[in-house]
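Here is how the chains run, residue by residue.
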Amino acid sequence: QVRLVESGGGLVQAGDSLRLSCAASGRTTGPYRMGWFRQAPGKERELIAAIRSGGDTYYAASVKDRFTISRDNGKNTVYLRMNSLKPEDTAIYYCAADNQDMGPYEYWGQGTQVTVSS
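The model shown is predicted, which means the values in this text are computed figures rather than measured ones.

Novice: Could you clarify how one ought to interpret the pairing of strand 11 (residues 112-117) in this entry?
Specialist: Within a regular strand, side chains alternate between the sheet's two faces. Of the two faces of strand 11, only one is covered, namely that formed by Thr112, Val114 and Val116; the face formed by Gln113, Thr115 and Ser117 stays uncovered. Sheet analysis places strand 2 (residues 10-13) next to strand 11, joined by four bridges and oriented parallel. Bridging from a neighbouring strand, valine 12 pairs with valine 116 of strand 11. In the sheet, strand 9 (residues 91-98) pairs with strand 11 via three bridges, with the strands oriented antiparallel. In the strand pairing of strand 11, isoleucine 92 is matched with glutamine 113.

If you want it as structure tokens, here you go:
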């Protein structure tokens, strides 16, 4: 089992930056694909960024060039740096992990709220 705990959310103004962290504990050995999802009110959860065990990254078009995903394997932590935040970035942000580089994610965090005011 892998436990994921997100932190770093909050209330910011448009144009501000935030960095979310996701700390993994438990069975963290082995290659893990990590992803950040978000779910806005009334909308489906969407994948916005991911990083594979080899370092390859993926970004949704809505966040590309503004958000950066990174990982510190020594700390079992993945980060999401969010710049130039917009009100439409307001959502609950979830961290997810899986020990395969493809397919659905098996492990999920509880989520952290990000609210961007205009």
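Novice: Looking at this model, I keep getting lost on the packing of aromatic side chains. Mind explaining?
Specialist: When we look at a pair of aromatic rings, we describe it by the centre distance and by the angle of the planes. Scanning the model with the defined rule gives three aromatic pairs in all. Judged by centre distance (5.3 Å) and plane angle (90 degrees), the rings of phenylalanine 37 and tyrosine 105 are edge-to-face. On the criterion of sequence distance, the pair formed by phenylalanine 37 in strand 4 (residues 33-39) and tyrosine 105 in the loop between strand 9 and strand 10 (107-108) is long-range, its members being 68 residues apart. Assessed through its relative accessible area of 11%, phenylalanine 37 is described here as buried. Of the aromatic side chains, those joined through ring pairs into one cluster are Phe37, Tyr105 and Trp108. Taking the ring centre of tyrosine 105 as reference, the NZ or CZ of arginine 33 above it sits at 4.2 Å. Here arginine 45 stacks its cationic end above the ring of tryptophan 108, 4.7 Å away from the centre of that ring.

Novice: What am I meant to see in the pattern of salt bridges here?
Specialist: Proximity of charged atoms lets side chains of opposite charge pair with each other. Inspection of every chain in the model, using the stated rule, returns four salt bridges. A salt bridge links arginine 38 to glutamate 46; the shortest N-O distance between them is 2.9 Å. With relative accessibility at 32%, the residue glutamate 46 sits in the partly exposed group. With its nearest N and O atoms 2.9 Å apart, the salt bridge here joins aspartate 89 to arginine 38. Of this pair, aspartate 89 sits in the loop between strand 8 (77-82) and strand 9 while arginine 38 sits in strand 4; the two residues are 51 residues apart in sequence, bridging distant segments of the chain. Assessed through its relative accessible area of 0%, aspartate 89 is described here as buried.

Conventions used here
Residues numbered from 1 in each chain as written. Predicted model: local features only at pLDDT ≥ 70, side-chain atom pairs only at ≥ 80, totals over all residues. Heavy atoms only, no water. Buried < 20%, exposed > 50% of the residue type's maximum accessible area, 1.4 Å probe, protein only. Helix = DSSP H or I, 4+ residues; strand = E, 2+ residues; numbered from the N terminus. Pairing = 2+ DSSP bridges. Phe/Tyr/Trp six-rings, centres within 6.5 Å; stacked < 30°, edge-to-face > 60°. Lys NZ or Arg CZ within 6 Å of the ring centre and 35° of its normal. Salt bridge = Lys/Arg side-chain N within 4 Å of Asp/Glu carboxyl O.

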